[in-house]
Amino acid sequence: MLINCVAYQDGKKLSDIPAEEISGYVKRPDCFVWVALYEPTAADLQLMKEEFDLHELAVEDASHGHQQPKIEEYGDCLFAVLHTIDVHEGALQIGEVDVFVGPNYILSVRRQSERGFQSVRARCEREPHLLKHGSAFVLYALMDAVVDRYFPVLNAIEAELEGIEERIFKRDTARSNIEALYALKQKLMTLKHAVEPLMEAMSRLYGSRVPQLCMGMREYFRDVFDHLTRIHASIEAIRDMQTTAIQVNLGMINLNETEVTKKLAGWAAIIAIPTLIAGIYGMNFKNMPEYDIPYGYPICVAAMIGLDIALYFWFKRIRWL
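What comes next concerns the included structure.

### Observations regarding the overall build of the chain
Phase 1 of the analysis: Assigned secondary structure in the chain consists of 10 helices and seven strands.
Phase 2 of the analysis: Against the compact-globule benchmark of 20 Å for 321 residues, the chain has a radius of gyration of 35 Å, which places it well outside the compact range.
Phase 3 of the analysis: If one aligns the C-alpha atoms of the chain with their principal axes, the spans along those axes are about 125 × 35 × 30 Å.
Phase 4 of the analysis: Split into buried and exposed, the 321 residues of the chain put 43% on the buried side.

The following block contains the structure:
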């Protein structure tokens, strides 16, 4: 579906144009065309390929989707793959944005993401002095918007981890905590897989060998790389906290098992005393002592009860019961 097809000149919007007229505007040296597609069909991509003269390998990647974040050069043009991540009802929604960038055009292809980039277009149109840089500035604005959307995801993961940590020391939550921590790990790895490859690709846009297309925007791309670096550092910090939380949770499980073992051992000792005495006097040997004592039975019962009471309070004092 075609979302927008707009021609710009000297940082200002000329007009919305039909897709069939793109090639005419692209040929103008002082003009560039910005097109946004959402879930395009093969026919849509073929039309864009013809109008923009896109490289067939880049079009093939965009048509298949599910690409790793990357930035590739095709002559004087760039092809970038970005992953969008949003939080919806506690779950992560992963989408993909494929961006074709040339000297006089930029084409974005959005898949599996309901959230568009209308705010990016509005921002660019509010800054005509920067939009004069053409497609390179739009590429920066798109990448900056995608990376900025990672921060709320990171904050949501941090908040979820803090909630799990608060439950670790509560009773009967060990299993649910482990399940929640591993679910959190999957979310964290999803974010990491979107950030790490993009960091490596971004380093090519402001380092020693910068594509001619992005030469005037090096500082802006370095700013995006700095944001990615901050996110990556936060991911590593959360991973360390998560590992610690898992270890503490497993330690609490072992501690609870030890407490149960102590209680079982205490009650076993209390039960063993009367069992031992009753077992001795239940052997029915003929010449056993104490058989002729008139009050032998109440004495044995009293001894059993007295010893058990003494053991009970002793185990209570050492916190086994």
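On we go from here.
### Observations regarding the sheet that holds strand E4 (residues 70–74)
Phase 1 of the analysis: An order of E2-E1-E3-E7-E6-E5-E4 is seen for the seven strands of this open sheet, with the pairing classed as mixed. Edge strands, defined here as strands with exactly one partner in the open sheet, are strand E2 (12–16) and E4. Averaged over all adjacent pairs, the angle separating strand axes in this sheet is 20 degrees, with direction ignored.
Phase 2 of the analysis: Where E4 and strand E5 (residues 77–88) come together, five bridges link them in antiparallel fashion.

### A look at the nonpolar core
Phase 1 of the analysis: Judged by nonpolar contacts, the single largest core of 65 residues is most densely connected at Tyr-150 and Met-202.
Phase 2 of the analysis: What Tyr-150 contacts, discounting residues up to four positions off in sequence, is His-83, Ile-85, Leu-191, Ala-194, Val-195, Leu-228 and Ile-231.
Phase 3 of the analysis: By size, the runner-up hydrophobic cluster in this structure holds 26 residues, among which are Met-48, Val-59, Ala-62 and Leu-107.

### Considering the packing of aromatic side chains
Phase 1 of the analysis: As enumerated under the stated definition, the model contains 11 aromatic pairs in all.
Phase 2 of the analysis: Judged by centre distance (5.5 Å) and plane angle (80 degrees), the rings of Tyr-312 and Phe-313 are edge-to-face.
Phase 3 of the analysis: Judged by relative accessible area, which is 29%, Tyr-312 ranks as partly exposed.
Phase 4 of the analysis: The exposure class of Phe-313 is exposed, given its relative accessible area of 56%.
Phase 5 of the analysis: Clustering of aromatic rings is evident, with ring pairs tying together Phe-137, Tyr-140, Tyr-220 and Phe-221.
Phase 6 of the analysis: Arg-121 extends its terminal NZ or CZ atom over the ring of Trp-34, reaching a point 4.0 Å from the ring centre.

Reading the values: rules and limits
Residues numbered from 1 in each chain as written. Predicted model: local features only at pLDDT ≥ 70, side-chain atom pairs only at ≥ 80, totals over all residues. Heavy atoms only, no water. Helix = DSSP H or I, 4+ residues; strand = E, 2+ residues; numbered from the N terminus. Rg over C-alpha atoms; globule rule 2.2 N^0.38 Å. Buried < 20%, exposed > 50% of the residue type's maximum accessible area, 1.4 Å probe, protein only. Pairing = 2+ DSSP bridges. Axes fitted to C-alpha atoms, helices over the stretch in contact; angles between N-to-C directions. Core = buried A, V, L, I, M, F, W, Y, C linked by side-chain atoms within 4.5 Å. Contact = heavy atoms within 4.5 Å. Phe/Tyr/Trp six-rings, centres within 6.5 Å; stacked < 30°, edge-to-face > 60°. Lys NZ or Arg CZ within 6 Å of the ring centre and 35° of its normal.

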